[in-house]
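Residues per chain are reported as follows:
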Amino acid sequence: MTRVRVIQLAVVCGAILVLELLCRLGIIDRFTMIPPSEMLTALGHVVATASWFWGDVRYTLGNLVAAIALSVVGGFLVGLAVHAVPRLRRALDPIFTSYYSVPTFVLYPLLIVVFGIGPTSLIVLGALFGIVAMIVATVTAIDRVPPVLLKVARVSRLGRLRTALLMKLPAASPHLVTGLRLAVAYSVIGIIAGEFILSTEGIGRRVALAYNNFDNQTMYALLVLILGFAIVVNAALGSFEQALHRRWYRS
Amino acid sequence: MTARARLVDYLLLAGGLWLAWIVLFEWAGPEALSPPGATLRRAGEYLTSAQFWPHAAATGLAFFCGCVIALLGGLALGFLLGAHRLAGQVGEPILSSLYSIPKITLYPVILLVFGLGISAKVAFGALHGIFPVALFTIGALKNTSPVLIKTAQVLRLKPLATARTVLLPAALPEIVTGLRIGFSATLLGTLIGELFASDQGLGFMLIRAMEAHKVLDIMALTLLLFAFAALANALLLAVERRVHPR
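Treat the numbers as computed from the prediction; the structure is a model and nothing was measured.

## Focus: the overall build of chain B
Within chain B one finds 10 helices and 0 strands. Listed by position from the N terminus, the elements making up chain B come as α-α-α-α-α-α-α-α-α-α. By its C-alpha atoms, chain B is 70 × 55 × 30 Å across when sized along the principal axes. Sequence-distant contacts in chain B: of pairs separated by 6 or more residues, those separated by 24 or more amount to 79%.

## Some words on the overall build of chain A
Counting secondary structure elements, chain A contains 10 helices and 0 strands. In terms of overall dimensions, chain A has a C-alpha envelope of 70 × 55 × 30 Å along the principal axes. Residues classed as buried in chain A amount to 41% of the 251 residues present.

## Notes on helix α6 (residues 118-142) of chain B
Residues separated by three or four positions in an α-helix point in the same direction, a consequence of the helix having 3.6 residues per turn. All names here are of chain B. Over its 25 residues, α6 runs 36 Å from end to end, which matches the ideal 36 Å to within 8%, given 1.5 Å per residue. The largest bend along α6 measures about 25° and falls at G129, with the proline P132 one to four residues further on. Summarising burial for α6: 21 of the 25 residues are buried, a large majority.

## A look at the interface of chain B and chain A
Counting residues at the interface gives 41 residues for chain B and 39 residues for chain A. If you tally residues by element for the side of chain B that touches chain A, the top one is helix α10 (residues 215-243) of chain B, at 10 residues. Residues that form the side of chain B that touches chain A fall into these classes: 31 nonpolar, 8 polar and 2 charged.

## Observations concerning the environment of A:I95
Within the secondary structure, A:I95 is located in helix α4 (residues 86-99). Considered as a pair, A:I95 and A:V132 are 37 residues apart in the sequence and their alpha carbons are 9.5 Å apart.

## Quick look at unusual backbone geometry
Residues and elements named next belong to chain A. Phi at R157 is positive, roughly 55°, even though this residue is not glycine. Counting through the fold element by element, R157 comes out in the loop between α7 (147-155) and α8 (160-197). Under the C-beta neighbour-count criterion, R157 is labelled exposed, with 8 such atoms within 10 Å. Its identity as a non-glycine residue notwithstanding, F214 has a phi of 55°, on the positive side.

## Brief notes about the nonpolar core
Core analysis: the largest hydrophobic core is formed by 129 residues, its most contacted members being A:A183, A:V207, A:L222, B:L206, B:I218 and B:L221. At 17 residues, the largest contribution of residues to this core is made by helix α6 (residues 119-143) of chain A.

## Considerations on helix α9 (residues 203-212) of chain A
Counting buried residues along α9(A), 8 of its 10 residues qualify, which places the element largely inside the surrounding structure. Close packing links the buried residues of α9(A) with α3 (53-84), α8 and α10 (216-248) of chain A together with α5 (107-114) of chain B. Looking one or two residues past α9(A), A:F214 carries a phi angle of roughly 55°, positive in sign.

## Re the packing of helix α4 (residues 85-100) of chain B against α6(B)
Residues and elements named next belong to chain B. Orientation of α4 relative to α6, taken along the N-to-C sense of each, is 145°, at an axis distance of 10 Å. α6 is crossed by α4, and the crossing has left-handed handedness. Touching G88, E92, L95, S96, L98 and Y99 of α4 are F131, P132, A134, L135, I138 and K142, all from α6. Of the residues in the contact of α4 with α6, the class split is 8 nonpolar, 2 polar and 2 charged.

## Some words on the packing of α3(A) against α9(A)
Residue and element names in this part refer to chain A. The N-to-C vectors of α3 and α9 enclose an angle of 125°; their axes lie 8 Å apart at closest approach. In terms of orientation, α3 and α9 fall into the oblique class. Of the residues in α9, those touching α3 at D56, V57 and T60 are I203, G204 and R206. Of the residues belonging to the contact of α3 with α9, the class tally is 2 nonpolar, 2 polar and 2 charged.

## A short note on the environment of B:V243
All names here are of chain B. Looking at the secondary structure, you find V243 in helix α10. When the C-alpha atoms of V243 and P173 are compared, they prove to be 5.5 Å apart, with 70 residues separating the residues in sequence. With sequence-adjacent residues up to four places away left out, V243 is seen in contact with L172, P173 and V176.

## Things to note about the confidence of the model for chain B
This prediction gives chain B a mean pLDDT of 85; 98% of its residues lie at or above 70. Summarising per-element confidence for chain B, the mean pLDDT is lowest in helix α1 (residues 3-28) of chain B (82) and highest in helix α3 (residues 52-83) of chain B (90).

## Considerations on the environment of A:G130
Residues and elements named next belong to chain A. Residue placement: G130 occurs in helix α6. Here the alpha-carbon distance between G130 and A69, two residues 61 residues apart in the chain, equals 9.7 Å. G130 has contacts with A67, I68, S71, A183, Y186, S187 and G190, leaving out every residue within four places of it along the chain.

Rules used in this analysis
- Residues numbered from 1 in each chain as written.
- Chains lettered and ligands numbered in written order.
- Predicted model: local features only at pLDDT ≥ 70, side-chain atom pairs only at ≥ 80, totals over all residues.
- Helix = DSSP H or I, 4+ residues; strand = E, 2+ residues; numbered from the N terminus.
- Contact = placed C-beta atoms within 7 Å.
- Buried ≥ 20, exposed ≤ 12 C-beta atoms within 10 Å, placed from the backbone.
- Expected span 1.5 Å × (residues − 1).
- Bend = angle between axes of the 7 residues up to and from the residue.
- Nonpolar A, V, L, I, M, F, W, Y, C, P; charged D, E, K, R; others polar.
- Core = buried A, V, L, I, M, F, W, Y, C linked by C-beta atoms within 7 Å.
- Axes fitted to C-alpha atoms, helices over the stretch in contact; angles between N-to-C directions.
- Left-handed = near helix turned anticlockwise from the far one by under 90°.
- Parallel < 35°, antiparallel > 145°, perpendicular 65-115°, else oblique.
- pLDDT = per-residue confidence, 0-100.

Below you can see the structure in the form of structure tokens.
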């Protein structure tokens, strides 16, 4: 496994190095992209000197956490309900499968009318993005509970509540974590997109401002920050998910 | 489950959505939502108006190009990485973290590289679609039963013949799933590209309606887009069911 990691690291570093060279040699001009090393120093500069930085980070992160919480809890409950009624599930299926091909944030202006410009609109937008992934993951998770576990529960004469808590929930947990991972990824998209379009605060708004002012240094610094954050969170949840998978489906 | 029962379900669902829409409309008011009847009428007006179709054609062209790039590129990438075990182990996590990044943050970069216009839209669409296609292809090849591969070896099939007669048929159902998801993602990418960087297309119509705050137009366009996406998805799902083994 370590050999794979080494090659992975080499591939990623090589790609960044090629990008650095292309920028340094002027094949990619400075108005298009600054070299990756400069992105990092620019990020350091922004963190150290920009007075707005921590306030905007706090604003975006706070909204993100609220959106994730809403979509995970809401998606889990709706998923349970949808799974309990097979006819509802069959009818809703086409909506779930085509949901992510429509840019949900076209509804953002309507949300602003209802909730005003501010955290509430952004949180609702982020939750709208994340919730369907969680619903689908919950339904799949319950589907995949091995029937033998339910038989064991019946043989042990567990009640319905204890079957749900002791058998179904742990066995479904790997797929639920998949849902959590997707809900996080989609909520990030929703929050950042909302801040791009219209917001008074937040990291996404800072990116849009920097883009409009041709301030490539700040823009790329913040892009590196957002992408790095997304990759790290996704990787952490991904390895948690795999650990659960290994534990439950060892074969 | 008969066809008639399914039809009844869909009708009930449509009725339920209609009702939910009306309740939401009553709650939020005409400033935020348009009533369902008027929205449907506006959607119908769009479909018969002369201004709508050039925009739809522009979107369609960009979407088509993005789809071709995403599907072919994704399949090529998937087969390259999926056929070789080490390459798959190295490449798959990299691809899946690329898939999970919020690609919308890259839109300023795409704009700087491609400028305003159709190439930015195509690039943004393809960028969204290529990773799911590649990932599903890798997964499909990885999950091919070892017995099939051993059989091919016993029969002394050449690599190309193995790919064509054994690997492809075995992996096809999952690849079709990947194509469907890639299709959806490309549509999303194309529309986002149009929202931010375009002078024509349905996304451009949407952003204009958003800026002018024409609630009815936003809702009607969203409805049309959703109907198109759902219809295309249903078609691809039907294909998927046909190729999936019973």
